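# What the coordinates show
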Amino acid sequence: TGFYPLSSGTVRIEGTDVHRFPKRARIALGVCHQEDTLDTDYTVFNQLVRYASFFYLKRGEACRRAEGLLARFDLSDKAELPVEALSGGMRRRLQVARALMGEPRVLVLDEPTTGLDPEARRALWDILAERRRQGLAILLSTHYMDEAERLCDRVAIISGGRILDCRPPNELVQAHVGNESVR
């Protein structure tokens, strides 16, 4: 995402070097950090509208997108509440919605379903799968193999900053786990 210096190589988003032109590259990037990064000085709705200004969106367009995302993430009835009034799961959904405000081409998610109840987790999976079908590239960090299996075309096992293996989820399980599993 360009927030840390590179140890080697380059990172490009839609052809733009993230480190040479970070502002331009970030226009195409949506990021949802593992930590809660919501601004508690705003209502739920204004959190999204304010964030839209980073993408140079006009207020009318920002409001339209915010309303659509709040509806899609089942937060419309919370729009006028302060962010602090939301439960942990609602805050997490709001963070993902905020990451989508700029209609990114690449979405980076760090443990997006941590703290979500099973129903909210499945609902978020559905939203992400829908966006993926619409052409959104998603880079997902997760410890949940069922999440990776459902949302990812390829899964990389990383240790010490090195990719140990990278394959489609079913091939990765076949290579490292075997044919039998207990659920």
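For the structure given in this document, a descriptive report is provided here. (Residues numbered from 1 in each chain as written. Predicted model: local features only at pLDDT ≥ 70, side-chain atom pairs only at ≥ 80, totals over all residues. Heavy atoms only, no water.)

### Concerning the packing of helix α2 (residues 44–52) against helix α3 (residues 59–72)
The N-to-C vectors of α2 and α3 enclose an angle of 130°; their axes lie 9 Å apart at closest approach. On the basis of the axis angle, α2 is oblique to α3. As α2 runs across α3, the sense of the crossing is right-handed. Across from V44, F45, L48, V49 and A52 in α2, the residues of α3 making contact are R59, A62, C63, A66, E67 and L70. Its residues assigned to classes, the contact of α2 with α3 comprises nine nonpolar, no polar and two charged. (Axes fitted to C-alpha atoms, helices over the stretch in contact; angles between N-to-C directions. Helix = DSSP H or I, 4+ residues; strand = E, 2+ residues; numbered from the N terminus. Parallel < 35°, antiparallel > 145°, perpendicular 65-115°, else oblique. Left-handed = near helix turned anticlockwise from the far one by under 90°. Contact = heavy atoms within 4.5 Å. Nonpolar A, V, L, I, M, F, W, Y, C, P; charged D, E, K, R; others polar.)

### Some details on helix α5 (residues 118–133)
Given a rise of 1.5 Å per residue, 16 residues ought to cover 22 Å, and the 22 Å separating the end C-alpha atoms of α5 matches this to within 8%. For α5, the set of buried residues is A120, R121, L124, W125, I127, L128, A129 and R131. Where α5 begins, one side-chain oxygen reaches toward the backbone nitrogen of E119, 3.0 Å away; that side chain belongs to D117. G135 occupies a position one or two residues after α5 and carries a positive phi of about 105°. (Expected span 1.5 Å × (residues − 1). Buried < 20%, exposed > 50% of the residue type's maximum accessible area, 1.4 Å probe, protein only. Polar contact = N/O pair within 3.5 Å; in protein donor to acceptor, adjacent residues only side chain to side chain.)

### Side note on the layout of surface pockets
Quantified by volume, the largest pocket comes out at close to 1900 Å³. Residue lining of the largest pocket: 46 residues in total, with V108, L139, L140, S141 and I158 positioned closest to the centre. Of all the secondary-structure elements, those providing two or more residues to the lining of the largest pocket are β3 (29–32), β4 (106–110), β5 (137–141), α6 (145–151), β6 (155–159) and β7 (162–167). Looking at the lining of the largest pocket, the element that brings in the most residues is β5, giving five residues. In terms of residue class, the lining of the largest pocket is built from 28 nonpolar, 13 polar and five charged. Taken as a whole, the second largest pocket spans an internal volume of roughly 420 Å³. As for the second largest pocket, its lining consists of 19 residues, and the residues nearest its centre are F3, R26, Y51, F54 and F55. Broken down by class, the residue content of the lining of the second largest pocket amounts to ten nonpolar, four polar and five charged. (1 Å grid on protein atoms, 1.4 Å probe; cavity = no way out; pocket = protein on both sides within 12 Å on 5 of 7 lines; lining within 4 Å. Points joined across faces, edges and corners; volume = space filled by probe spheres on them.)

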